[in-house]
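Structure assessment
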There are 2 protein chains.
Amino acid sequence: MRLGGKHLDAGGYDLLGVVTGSEGLLGIVTEITVRILKKPDGARTVLIGFASSEDAGECVGKVIGAGIIPAGMEMMDRPAIRAAEEFVHAGYPLDVDALLIVEVDGPRAEVDHLIMRLEVIAHSCRAVTCRASRSEEERLLFWAGRKAAFPAVGRISPDYYCMDGTIPRARLPQVLKRMRELSETYGLAVANVFHAGDGNLHPLILYDANRPGELERTEKFGADILRLCVEVGGVLTGEHGVGVEKRDLMPVMFSEADLNQQQRIKCAFDDKGLLNPGKVFPTLHRCAELGRMHVHAGRVAFPDIPRF
Amino acid sequence: MRLGGKHLDAGGYDLLGVVTGSEGLLGIVTEITVRILKKPDGARTVLIGFASSEDAGECVGKVIGAGIIPAGMEMMDRPAIRAAEEFVHAGYPLDVDALLIVEVDGPRAEVDHLIMRLEVIAHSCRAVTCRASRSEEERLLFWAGRKAAFPAVGRISPDYYCMDGTIPRARLPQVLKRMRELSETYGLAVANVFHAGDGNLHPLILYDANRPGELERTEKFGADILRLCVEVGGVLTGEHGVGVEKRDLMPVMFSEADLNQQQRIKCAFDDKGLLNPGKVFPTLHRCAELGRMHVHAGRVAFPDIPRF
């Protein structure tokens, strides 16, 4: 089968979205055609430091609200900033609680105009520092810190566990506050890297696998973070998927009706359950059983799923 | 079930695209949440006339190729231009074979800059006339002609049959030429309105339902146009859907494997076939049969479908 294409509507069902991100459960993709976007004429990046993640969160909302569409908008918290700066020397401010890295691209005149608008918005949100790149070298250096954030955290901790959840952007301060509380409860430090424009959070839980029980505690902390994402109106994953890791958390996010319907889709592609078994669904029913469940949908339960 | 949302990825299958445009075959949508986009600061529209549809088609390709994203880009052929102008007096040129109506929006400075670039591209494609709106009133008048094109055609013909197919933009001249030939063969006139940016064609076949056999000839002509769309790499519909009208043309577009897979999706939502029966699929198999077809997919055929 070939799915998608240049056209907007082809008749028949649009299966492209179903197969994209289906984690290998529906079929084997043997060929992908992508559209190459035109490289923008130019790009500039601005580093904006804040005394609190609340201020940074407000700034993200105001940038989006002003109709500016950044090419990238990343946020790092104090532990992530410090780790990255010590590793890469990107010129990040060390006296701030949150750092926003915002890139805009397009024709030169438009980019300069947008940078000016970003600076005005930043100051209206009590930015402590605000520095726009003045050259391509400086722009790349600003990004080098962010891009090295994961290995940088690897330098300060024997191991780290990278989580991936998505939250409504406006809930970031609340989520960061709750995460600090959980961090104390579990006795494990966290560094946060956040695709702020998309609301996609990557908390890195720092731990030491050689200390007995610490990995298990880390995994529990991670599951708590994902439950927190769902509680504030977010979702279990941003880009890393569900797989085995988040499989047993699916009922936190989806109702029984949702999960049954998703399994019927699975059966519509793979009625023998040959593809990537054991992933994504906490309980995978036989396809023949699902037919019966559909008829008696009101009485179906998930007896085997641990509830969190 | 709730599908979609603000997040990019929720875990589980993305069923939003499947249900969107499923023509009522998968379920009943009871609530839709939409995102309101910010109204652009300003907009201007340019009318570009060409001596041939080839020139107009080239211009569309060059505009898209230059990275300009118009807010609208419509094309009308000579019969559609004439009917609209006589009805609305929008100021359309009457001595051209194809008219492009291109709108760009955004901040004022950007809009003026884009209009200038559009004019340069138009002249490089041998435009005969090129006129940009100088006021909001003029912009609305330019659109009034296009928006009245359907009723305008209704004034010059007792009846018309509106088709809806999509083609790769570059194939427009070829498709218009073939449509003129079919028009002569069937003895029926056609006026063409085309969402040029999307490649979505709306040929209006002019006929008189009171003349015996003319509706049947019109329907055959319409089916030929849709087959032509698929032949040049396009699809059966742009925005009007399949329904009953194009149901028997589905095998022109989709293979047996495609149609079987689509019916399995239908069964995953509606295994009793209660929803909108008789639409979209030329032969709808019972869901239990589809299970068997899946196992013996190599041997399945569509014995009941008329081949065109």
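Basis of the calculations
Residues numbered from 1 in each chain as written. Chains lettered and ligands numbered in written order. Predicted model: local features only at pLDDT ≥ 70, side-chain atom pairs only at ≥ 80, totals over all residues. Heavy atoms only, no water. Least-squares fit on C-alpha atoms with pLDDT ≥ 70 in both. Contact = heavy atoms within 4.5 Å. Disulfide = S-S within 2.5 Å. Helix = DSSP H or I, 4+ residues; strand = E, 2+ residues; numbered from the N terminus. Buried < 20%, exposed > 50% of the residue type's maximum accessible area, 1.4 Å probe, protein only. Expected span 1.5 Å × (residues − 1). Arc of directions from axis to C-beta. Buried area = accessible area lost by both parts, 1.4 Å probe. Salt bridge = Lys/Arg side-chain N within 4 Å of Asp/Glu carboxyl O. Polar contact = N/O pair within 3.5 Å; in protein donor to acceptor, adjacent residues only side chain to side chain. Nonpolar A, V, L, I, M, F, W, Y, C, P; charged D, E, K, R; others polar. Core = buried A, V, L, I, M, F, W, Y, C linked by side-chain atoms within 4.5 Å. Domains from an automatic or database assignment. Axes fitted to C-alpha atoms, helices over the stretch in contact; angles between N-to-C directions. Parallel < 35°, antiparallel > 145°, perpendicular 65-115°, else oblique. Phe/Tyr/Trp six-rings, centres within 6.5 Å; stacked < 30°, edge-to-face > 60°. Left-handed = near helix turned anticlockwise from the far one by under 90°.

A few words on the relation of the copies chain B and chain A. When chain B is fitted to chain A, the residual RMSD is 0.0 Å, and the transformation amounts to a turn of 180 degrees plus an axial shift of 0.0 Å. Here the copies are linked by what is in effect a two-fold axis. A symmetric contact is evident, with 100% of the interface residues of chain B recurring at the interface of chain A.

Take the state of the cysteines next. Tallied over the full model, the rule gives two disulfides over all chains. With its sulfur 2.0 Å from that of its partner, Cys267 of chain A forms a disulfide with Cys287 of chain A. One disulfide, between Cys267 of chain A and Cys287 of chain A, carries an S-S torsion of -90 degrees and so falls in the left-handed class. With Cys267 of chain A in helix H10 (residues 256-269) and Cys287 of chain A in helix H11 (residues 287-295), this pair connects stretches of sequence that are 20 residues apart. Residue classification places Cys267 of chain A among the buried residues on the basis of a relative accessible area of 12%. A relative accessible area of 22% places Cys287 of chain A in the partly exposed class. The cysteine Cys162 of chain B is free of any disulfide, with Cys229 of chain B supplying the nearest cysteine sulfur at 12 Å.

Before going further, it helps to examine helix H5 (residues 136-147) of chain A. Residue and element names in this part refer to chain A. Spanning twelve residues, H5 covers 16 Å between terminal C-alpha atoms, matching the ideal 16 Å at 1.5 Å per step. Buried residues of H5: Glu138, Arg139, Phe142, Trp143, Gly145 and Arg146, and no others. Viewed end-on, H5 has its buried residues packed into an arc of 150 degrees, placing them on one side of the element. Set apart from the buried face of H5 by more than 90 degrees, the exposed residues are Glu137 and Lys147.

It is worth spelling out the interface of chain B and chain A at this point. Taken residue by residue, the interface counts 44 residues in chain B and 44 residues in chain A. Note on chain B versus chain A: buried area summed over both sides is about 3600 Å², and carbon and sulfur give 63% of it. Across the contact surface, chain B and chain A share zero salt bridges. Seen at the junction of chain B and chain A, the total is four residue pairs in polar contact (both at pLDDT 80 or more). A total of eight residues in the side of chain B that touches chain A trace back to one element, the largest contributor, which is helix H10 (residues 256-269) of chain B. Residues that form the side of chain B that touches chain A fall into these classes: 20 nonpolar, 13 polar and eleven charged.

Let us now look at the pattern of salt bridges. Pairing between side chains of opposite charge can happen when their charged atoms approach one another. Residues and elements named next belong to chain A. Under the counting rule described, the total for this entry stands at 40 salt bridges over all chains. A salt bridge links Arg126 to Glu58, with the nearest nitrogen and oxygen atoms 2.7 Å apart. Of this pair, Arg126 sits in the loop between helix H4 (108-124) and strand E4 (129-132) while Glu58 sits in helix H2 (residues 53-65), and the two are 68 residues apart along the sequence. Here Arg126 falls in the partly exposed class, since its relative accessible area comes to 44%. Given the relative accessible area of 31%, Glu58 is considered partly exposed. Taken together, the salt bridges that share partners define one network made up of Asp55, Glu58, Lys62 and Arg126.

Once that is clear, we can look at helix H4 (residues 108-124) of chain B. Residue and element names in this part refer to chain B. Here H4 contains 17 residues, and its C-alpha end-to-end distance of 25 Å stays within 8% of the 24 Å for a straight helix at 1.5 Å per residue. Listed in full, the buried residues belonging to H4 are Val111, Leu114, Ile115, Leu118, Ile121 and Ala122. Taken end-on, H4 shows its buried residues confined to a sector of 125 degrees, consistent with a single buried face. When the buried face of H4 is taken as reference, the exposed residues oriented beyond 90 degrees from it are Ala109, Val120 and His123. The elements touched by buried residues of H4 are strand E1 (42-50), helix H2 (53-65), strand E3 (98-106) and strand E4 (129-132). Just downstream of H4 lies Arg126, where phi reads positive at about 65 degrees.

Let us look at the nonpolar core. Counting 130 residues, the largest nonpolar core has Leu100 of chain A together with Leu100, Phe221 and Ile265 of chain B as its most contacted members. Leu100 of chain B has contacts with Val46, Leu47, Ile48, Phe50, Ala56, Cys59, Val60, Met73, Glu74, Met75 and Ala196 of chain B, leaving out every residue within four places of it along the chain.

The next thing to look at is the domain arrangement of chain A. Think of interface size as the accessible area that goes away when the parts come together; that is how it is often given. Its domain assignment divides chain A into domain 1 (1-36), domain 2 (42-151), domain 3 (159-244) and domain 4 (249-300). A straight line from the C-alpha centre of domain 1 of chain A to that of domain 2 of chain A covers 35 Å.

Glancing now at the packing of helix H3 (residues 78-88) of chain B against helix H6 (residues 149-156) of chain B. Residues and elements named next belong to chain B. Two elements in contact, H3 and H6, have axes separated by 8 Å at closest approach and are oriented at 95 degrees. The angle between H3 and H6 falls in the class roughly perpendicular. The segment H3 lies against H6, with Ala83, Ala84, Glu86 and Phe87 engaging Pro151, Ala152, Val153, Arg155 and Ile156. A per-class count over the contact of H3 with H6 returns seven nonpolar, no polar and two charged.

Our focus in this paragraph is the packing of aromatic side chains. Residues and elements named next belong to chain B. Across all of its chains, the model carries six aromatic pairs over all chains by this definition. Plain terms: the ring middles of Tyr186 and Phe221 are 5.1 Å apart, the flat faces sit at 10 degrees to each other, and that makes the pair stacked. One end of the pair, Tyr186, is in helix H7 (residues 172-186); the other, Phe221, is in helix H8 (residues 214-231), with 35 residues separating them in the sequence. With respect to class, Tyr186 is no different from Phe221; both count as buried.

What follows concerns the packing of helix H7 (residues 172-186) of chain A against helix H8 (residues 214-231) of chain A. All names here are of chain A. Close contact between H7 and H8 brings their axes to 11 Å; oriented N to C, the two are set at 160 degrees. Considering their axes alone, H7 and H8 lie roughly antiparallel with respect to each other. In this structure, H7 meets H8 at a crossing whose hand is right-handed. Taken together, the residues of H8 that come into contact with H7 (itself represented by Val175, Arg178, Met179, Leu182, Ser183 and Tyr186) are Arg217, Lys220, Phe221, Asp224, Ile225 and Leu228.

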